[in-house]
Amino acid sequence: MHSICFQATGVPRSNYIFDSCSPALAISKPINLRFCGLRKEAFGFSGLTHSSSGRVRFSSRGHSKKVSASAESNGSPPKSFDYDLIIIGAGVGGHGAALHAVEKGLKSAIIEGDVVGGTCVNRGCVPSKALLAVSGKMRELQSEHHMKALGLQVSAAGYDRQGVADHANNLASKIRSNLTNSMKALGVDILTGVGTIVGPQKVKYGKVGFPDNIVTAKNIIIATGSVPFVPKGIEVDGKTVITSDHALKLESVPDWIAIVGSGYIGLEFSDVYTALGSEVTFIEALDQLMPGFDPEIGKLAQRVLINPRKIDYHTGVFATKITPAKDGKPVIIELIDAKTKEPKDTLEVDAALIATGRAPFTNGLGLENVNVVTQRGFVPVDERMRVIDTNGNLVPHLYCIGDANGKMMLAHAASAQGISVVEQVTGRDHVLNHLSIPAACFTHPEISMVGLTEPQAREKAQKEGFEVGVAKTSFKANTKALAENEGEGLAKLIYRPDNGEILGVHIFGLHAADLIHEASNAIALGTRIQDIKFAVHAHPTLSEVLDELFKSAKVKAAALSHGPVSEPVAV
Amino acid sequence: MANVLQTSFLPSTSSLRRRSISGSKGKSQSLQVKAKIREIFMPALSSTMTEGKIVSWMKSEGDKLSKGESVVVVESDKADMDVESFHEGFLAAIMVEEGGVAPVGSAIALLAETEDEIAEAKAKSQSSSNSTPQVVEEKPKQIEEAAPDVPAAAAAPSVPVAKAVTLGSAVHPASEGGKRIVASPYAKKLAKELKVDLGTVVGSGPLGRIVAKDVEAAAVAVPVAASPAKPDPVAPGIELGTVVPFTTMQGAVSRNMVESLSVPTFRVGYTITTNALDALYKKIKSKGVTMTALLAKATALALVQHPVVNSCCRDGNSFTYNSSINIAVAVAIDGGLITPVLQDADKVDIYTLSRKWKELVDKARAKQLQPHEYNTGTFTLSNLGMFGVDRFDAILPPGTGAIMAVGASQPSVVASMDGRIGMKNQMQVNVTADHRVIYGADLAAFLQTLAKIVEDPKDLTF
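Values in this document were obtained by computation on a predicted structure and should not be read as measured data. Counting restarts for each chain, with residues numbered from 1 along the sequence as it is written. Here every chain gets a letter starting at A, and every ligand a number starting at 1, in the order they are written. With the structure being a predicted model, the display of local features is reserved for residues of pLDDT at least 70 and the display and counting of side-chain atom pairs for 80 or more, all residues being used for whole-chain, interface and lining totals. Where side-chain values are given, they derive from all heavy atoms of the structure, hydrogens and water being excluded.

1. Some details on the overall build of chain B
As a reminder, the rule being used: Numbering of helices and strands runs from the N terminus, with a helix taken as a DSSP run of H or I at least four residues long and a strand as a DSSP run of E at least two residues long. Relative accessibility decides the category of a residue: with a 1.4 Å probe and only protein chains considered, values under 20% of the type maximum give buried, values over 50% give exposed, and everything between is partly exposed. The criterion used for residue contact is that any of the two residues' heavy atoms lie within 4.5 Å. All accessible-area figures derive from a Shrake-Rupley calculation using a 1.4 Å probe, and residue coverage is judged against the displayed protein chains alone.
Along chain B, the regular secondary structure elements total twelve helices and 19 strands. For chain B, the residues scored as buried account for 45% of the 462 residues in total. At a minimum sequence separation of 6, the contacts of chain B that also span at least 24 residues come to 59%. Carbon and sulfur atoms provide 57% of the accessible area of chain B, an area that totals close to 23,400 Å².

2. Overview of the sheet that holds strand β23 (residues 502-509) of chain A
Residue and element names in this part refer to chain A. The condition is simple: Note on pairing: two strands pair once DSSP finds at least 2 bridges between them. Axis lines are fitted through C-alpha atoms, for helices just across the contact stretch, and the angle between N-to-C directions can take any value from 0 to 180 degrees.
If you walk across this open sheet you meet the five strands as β19-β20-β23-β22-β21, and the pairing is antiparallel. What marks the edges here is a single partner per strand, and that holds for β19 (439-441) and β21 (469-474). Adjacent strand axes in the sheet meet at a mean angle of 10°, parallel and antiparallel pairs treated alike. Together, β21, β22 (490-495) and β23 form the strand contacts of helix α14 (residues 544-552), whose direction differs from that of β21 by roughly 145°.

3. Let's talk about the sheet that holds strand β8 (residues 241-243) of chain A
In space, the five strands of this open sheet follow the order β8-β15-β9-β10-β11 (chain A), with parallel pairing throughout. A single partner strand is all that each edge strand has here, and the edge strands are β8 and β11 (311-315) of chain A. With direction set aside, neighbouring strand axes in the sheet form an average angle of 20°. Pairing of β8(A) with strand β15 (residues 351-354) of chain A involves three bridges; the strand directions are parallel. Residue pairing in the sheet places Ile242(A) in a bridge with Leu353(A) of β15(A). Across the face of the sheet, helix α7 (residues 264-275) of chain A comes into contact with β8, β9 (256-260), β10 (279-284), β11 and β15 of chain A while running at roughly 165° to β10(A). Seen against the sheet, helix α6 (residues 185-194) of chain B touches β9, β10 and β11 of chain A and runs at an angle of roughly 95° to β10(A).

4. A short note on the nonpolar core
We apply this condition: In this text, buried Ala, Val, Leu, Ile, Met, Phe, Trp, Tyr and Cys residues form a nonpolar core when linked through side-chain atoms within 4.5 Å.
The biggest cluster of nonpolar side chains holds 77 residues, and the ones touching the most others in it are Met183(A), Ile221(A), Leu267(A), Phe269(A), Tyr273(A) and Ile447(A). The dominant element in this core, judged by the number of residues it contributes, is helix α5 (residues 161-186) of chain A, at eight residues. Residues contacting Tyr273(A), with those up to four places away along its chain left out, are Ile242(A), Ala247(A), Leu250(A), Ser252(A), Pro254(A), Ile257(A), Ser278(A), Val280(A) and Leu353(A). In terms of nonpolar packing, the next biggest core, distinct from the first, is built from 54 residues, Ile327(B), Ile338(B), Ile350(B) and Leu443(B) among them.

5. Focus: the state of the cysteines
Condition: A pair of cysteine sulfur atoms is labelled a disulfide when the two atoms are within 2.5 Å.
Overall, the coordinates contain one disulfide over all chains when judged by the stated rule. In this model, Cys120(A) is linked to Cys125(A) through a disulfide, with the two sulfur atoms separated by 2.5 Å. What makes Cys120(A) buried here is its relative accessible area of 6%. No disulfide involves Cys313(B); its nearest neighbouring cysteine sulfur is the one of Cys312(B), lying 7.5 Å away.

6. Focus on the UniProt feature "binding site: NAD(+)" (unreviewed entry) in chain A
Residues and elements named next belong to chain A. Put simply, the test is: UniProt positions are given in the numbering used here, feature names are shortened, and annotations may be inferred rather than shown by experiment.
UniProt records the feature "binding site: NAD(+)" (unreviewed entry) at Gly 261, Ser 262, Gly 263, Tyr 264, Ile 265, Gly 266, Leu 267, Glu 268, Glu 284 and Gly 357, using the numbering of this structure. Tracing the chain through its elements places Tyr 264 in helix α7. In this structure Gly 266 touches Ile 259, Gly 261, Phe 282 and Ala 355, once residues within four positions along its chain are discounted.

7. Notes on a nonpolar patch on the surface
Rules: Candidates for patches are residues over 30% relative accessible area with no salt bridge; among them, like charges are joined within 9 Å and nonpolar side chains (Val, Leu, Ile, Met, Phe, Trp, Tyr) within 5 Å. A pair is scored as a salt bridge if a Lys or Arg side-chain nitrogen falls within 4 Å of a carboxyl oxygen belonging to Asp or Glu.
A cluster of nonpolar side chains, namely Leu141(A), Leu150(A), Leu152(A) and Val154(A), defines an oily patch on the protein surface of about 310 Å² accessible area. Topologically, Leu150(A) is positioned in helix α4 (residues 144-150).

8. So, unusual backbone geometry
The amide bond that connects His444(A) to the next residue, Pro445(A), takes the cis arrangement and shows omega of -5°. Mapped onto the elements of the fold, Pro445(A) is located in the loop between β19 and β20 (446-451). Cis geometry marks the peptide bond from His539(A) to Pro540(A), where omega comes out at -5°. Mapped onto the elements, Pro540(A) comes out in the loop between α13 (529-532) and α14. Notably, Asn485(A) is not glycine yet its phi reads approximately 60°, a positive angle. Within the secondary structure, Asn485(A) is located in the loop between α11 (479-483) and β22. Owing to a relative accessible area of 32%, Asn485(A) belongs among the partly exposed residues under this scheme. Located in the positive-phi region is Asp344(B), a residue other than glycine, with phi close to 50°. Secondary-structure assignment places Asp344(B) in the loop between β16 (341-342) and α11 (350-365). Classification of Asp344(B) as partly exposed rests on a relative accessible area of 28%.

9. Some points on the side chain of Asn219(A)
Residue and element names in this part refer to chain A. Rules: Any pair of N or O atoms that falls within 3.5 Å is considered a polar contact. Within protein, one atom must be able to donate a hydrogen and the other to accept it, and sequence-neighbouring residues count only if both atoms are side-chain atoms.
Position of Asn 219 among the secondary structure elements: in strand β6 (residues 213-222). Overall, the relative accessible area of 9% leaves Asn 219 in the buried class. Here the side chain of Asn 219 touches His 397 through a polar contact of 3.2 Å, side chain to side chain. In contact with Asn 219, not counting residues within four places along its chain, are Asp 84, Leu 85, Ile 86, His 397, Tyr 399 and Val 425.

10. Topic: the pattern of salt bridges
Counted by the stated rule, this structure contains 39 salt bridges over all chains. One salt bridge connects Asp84(A) with Lys218(A), and the closest N-O pair in it is separated by 3.5 Å. Here Asp84(A), found in strand β1 (residues 83-88), pairs with Lys218(A), found in strand β6; they are 134 residues apart in sequence, far enough to count as distant. The class of Lys218(A) is partly exposed, set by a relative accessible area of 39%. Linking Asp362(B) and Lys358(B) is a salt bridge whose minimum nitrogen-to-oxygen distance equals 3.7 Å. With Asp362(B) and Lys358(B) both in helix α11 and four residues apart, the pair spans about one turn of that helix. Salt bridges sharing common partners tie together Asp294(A), Glu296(A), Glu454(A), Arg458(A), Lys472(A) and Lys492(A).

11. Structural notes on helix α10 (residues 291-305) of chain B
In an α-helix, one turn spans 3.6 residues, which is why side chains three or four residues apart end up on the same side. All names here are of chain B. The line we're drawing: Expected helix span is computed as 1.5 Å times (number of residues minus one).
End to end, α10 covers 22 Å across 15 residues, agreeing with the expected 21 Å (1.5 Å per residue, within 8%). With twelve of 15 residues buried, α10 is to be regarded as a mostly interior element. Listed as buried for α10 are Thr 292, Ala 293, Leu 294, Leu 295, Ala 296, Lys 297, Ala 298, Thr 299, Ala 300, Leu 301, Ala 302 and Leu 303.

12. Some points on the confidence of the model for chain B
All names here are of chain B. Rules: Per residue, pLDDT measures the predictor's confidence, with a range of 0 to 100.
Across chain B, the average pLDDT comes to 76, with 75% of residues at or above 70. Helix α5 (residues 161-167) is the least confidently modelled element of chain B, averaging 36 in pLDDT, while helix α12 (residues 440-455) averages 94, the highest of any element. pLDDT under 50 marks residues 1-34. Its contacts with residues more than four places away, or in other chains, come to 81 contacts. With pLDDT under 50 throughout, residues 129-174 is counted as low confidence; its partners more than four residues away or in other chains account for 65 contacts. If you check the scores for this complex, the pTM reads 0.59 and the ipTM reads 0.73.

13. Notes on the packing of aromatic side chains
Note the following rule: The pairing test for Phe, Tyr and Trp rings, Trp by its six-membered ring, is centres within 6.5 Å, and the orientation test on the planes gives stacked under 30 degrees, edge-to-face over 60, and tilted for anything in between. Two conditions define a charge sitting above a ring: the NZ of Lys or the CZ of Arg must be within 6 Å of the ring centre, and it must be within 35 degrees of the ring normal.
Counting across every chain of the model gives three aromatic pairs over all chains. Ring geometry for Phe379(B) versus Phe446(B): centroids 5.6 Å apart, planes at 55°, classification tilted. Taken as a pair, Phe379(B) in strand β17 (residues 379-383) and Phe446(B) in helix α12 lie far apart in primary sequence, 67 residues in all. Like Phe446(B), Phe379(B) is buried. Seen from the ring of Phe466(A), Arg496(A) lies directly overhead, with NZ or CZ sitting 4.0 Å from the centre. Across from the ring centre of Phe90(B), 5.6 Å away, lies the NZ or CZ of Lys64(B), which sits over that ring.

14. Focus on the environment of Ser155(A)
Residue and element names in this part refer to chain A. Within the secondary structure, Ser 155 is located in the loop between α4 and α5. A residue is classified by how much of its surface remains accessible, and Ser 155, at 64% relative accessible area, is exposed. Along the primary structure Ser 155 and Glu 144 are separated by eleven residues, whereas in three dimensions their C-alpha atoms are 9.3 Å apart.

15. Topic: α7(A)
All names here are of chain A. Given a rise of 1.5 Å per residue, twelve residues ought to cover 16 Å, and the 16 Å separating the end C-alpha atoms of α7 matches this to within 8%. Among the twelve residues that make up α7, twelve are buried, leaving the element largely enclosed by the rest of the structure. Residues Tyr 264, Ile 265, Gly 266, Leu 267, Glu 268, Phe 269, Ser 270, Asp 271, Val 272, Tyr 273, Thr 274 and Ala 275 constitute the buried set of α7. Remark: Gly 277 follows α7 within two positions and exhibits a positive phi of approximately 105°.

16. Looking at the packing of helix α1 (residues 92-103) of chain A against α5(A)
Residues and elements named next belong to chain A. Selection criterion: Any angle from 65 to 115 degrees is called roughly perpendicular, while one under 35 is roughly parallel, one over 145 is roughly antiparallel, and all others are oblique. Whether a crossing is left-handed or right-handed is set by the direction in which the near helix is turned from the far one by less than a right angle, anticlockwise for left-handed and clockwise for right-handed. Gly counts as polar in this scheme, as do all residues outside two lists: the nonpolar Ala, Val, Leu, Ile, Met, Phe, Trp, Tyr, Cys and Pro, and the charged Asp, Glu, Lys and Arg.
At their nearest, the axes of α1 and α5 sit 10 Å apart, and the two run at 25° to each other. Taken together, the axes of α1 and α5 lie roughly parallel to each other. The handedness of the crossing between α1 and α5 comes out as left-handed. Residue-level contacts link His 95, Ala 98, Leu 99 and Val 102 of α1 to Leu 179, Ser 182, Met 183 and Leu 186 of α5. Residue composition of the contact of α1 with α5, grouped by class: six nonpolar, two polar and no charged.

Shown next, in the form of structure tokens:
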């Protein structure tokens, strides 16, 4: 993968308030933008020379003209539109939708009240990957045993906190500018301000203290994302009691940090903090750490990621009150039993990270203007992301994607939902199969998954009356993993022996997050085990873990359309 | 979080799965033994497995188990597997400890259906199995607190509440006067591993929190106190062909040794008959008196009569006559050397001195000696007699006037003044002194006095 940088010498300075285009604008080919499921997009460079006349661009396609918004009444849909598509929120979901919309020839605008890139790029997956890259290297360098086994000698590895923090921050700004530039280059208008729906197909936006602008669009996508969820009783001061927003800035590395919530946000941060020398206490409301992961993977992960590290945990407890450190007192955390609600324990730690999940960011969207009521903040949608109003009817031309609808709070899921919406509004019906969307936790080693967990699959099987098969392979048997001295790991396939359908794949091991796509693609494309097992994998690679996994599945003969299966060729 | 990720798993279904994986070998993993006490068997995790090693118990005795919950991790010939409980109940007794190996199908633990049956199950495990020396009642643990090898201590870190109060050690402003123990996650982990009771550990972290190094220090202290005589063969941790930097202590020793080269020293030796001292030692040994304390006492009494030998030269121009006689005794500790000081050894009685000595050694091993407890010596004793060394030569520690190297007391054939030949226990001592202040005649007179005291030791006990 290489990036193409070039100078856009003749670009006239546009008058967008936020536009930071300089004559020496360097644009990377978006092939480098594939963070959090950003779409790879083949695009022409003609967009660079787009008009600088203002918010509304006169395109050669001619289906747009400047309208006087104030003349419109809010009650009825406008007859003509400023845009084909307006996306509220320029996160990864909005970005994915915008790029696909351009590809489909839609005149698009994206409204952003904060910074382009949303949570993922600015306060989520992107900066956290920078920190995790550091923690992975630290972990390796600090593991004498590991180094010795490879014959390497390394003297005490250390780190500079500010340097690490800068790396995360620089990565976020780089990706942010790549994202901005890619949209500008394609001719997506970026409108600055908080977007509010004022009526059907009508959105106002504007900055505080400036007059609002009203724009109309044939279709509107809500993609406002989410913010960290902080349960009540917890006082966040941003210094000693923090959310992931603060933690990613890495302003301090506390000696002892409590992490409330052991989902993948908490898990990733525990990886970062322990690698940088902190000790960690997990506080989990459920009875088991890492709820949501396949139980078997969770157990193995606990044995590798929790037990040998400087981590302890309290499960089955709620943190009812967390007081930030002040006046020489530590952070105080009061725990109650999740079931009996009896006070259970009090912890005193140097810092607490609240990783209890994320809450939709949908306040002030003006949903009441289209008769929509959120559910716990989430915008109700159907399987095609069409927004549902209070009467259970679909709101025409209004869609909601990403964290704001809560279907699957992952950046790349939002992007996929956005693309699905664009497909629909351009005349092709499309329903996204969420079971084909992979998820990953970038610990060391990584955890990844797609589809159903084993208990979910068994539940489904019981309801629908089919059999469930489980196949497993170990990284211990993989040449490449052993060469890296990283044999710890497991890949698990959950499938239907009767027809060879892949129900779920879960991987814990080196580069699991990269390995999952073979499985997720197979699920998305409906590829069956009896077919994929004949696909060839380069040797020696980690991908052979999946190769072996597919080959070890026992699909019933009746399902084999290819006749008798020949033995896989040994490599 | 994603909807797909949110669904929590159901233990019942996961036990179903277990059955399908390992239970398919036709071997039932648990079976009803008695009314309500069941055995947990070593499962067959693969067709070729004949025995399994217990990697870790995920539950402790007395823990409640629900069906499908993982109890133990077993290492088979192929992989490590979690073994789940097939029944609800309480883990009553662990019959094969972590690290232990058991053949497939043999009982590795007992599961009681109710809490009341735990005791019964325990009794059963003790009578039926000879592989349970580790099963310890709760009560003795409270009494013999100092015993280092109480296995139940492993379970202690979570609730060692009462002990902390009595010992008053975990000083933490917010720990409600020691009611709760505040220890960092790693400290807790280490305590469990090293079997250290956190209630007895003094915290040195922020706000008095117990941190890893406190536990490590405590772990070193405990076994040494209990078995000080255990000879440790050449450090097993040494890796040949490596260069290992000095620890802080070794660095200090190195600096002192180099510094000692600037002092003009000389040596005077003497052979002392110890039959009387040995007899005395035998007599009062049971009262906790140690040979080190006796020698220190004897030396201190001799120094009373020869203050010059207790003096030192600070500036090269004068004698500094020390007001008290503080006998420093060199002690080898893990990776170094330290000299705990018996202060006013001439004035303190032998029993107190012996107790004091024991206390100092314990502290030294725990690396908890305060500066005044190791750097206020005025005269140093170094004894290698216990290793059979008959004579050696010591380097004078900077800032003091003299050091005495004590060899082993050995039976020797001695010709006496009256022309007889007899057998006597004799010990060679060799004093190294700073010749700027202490001259040959001074040492000679001192040694003569010392010999008299040792050969007629009644004064040592007052």
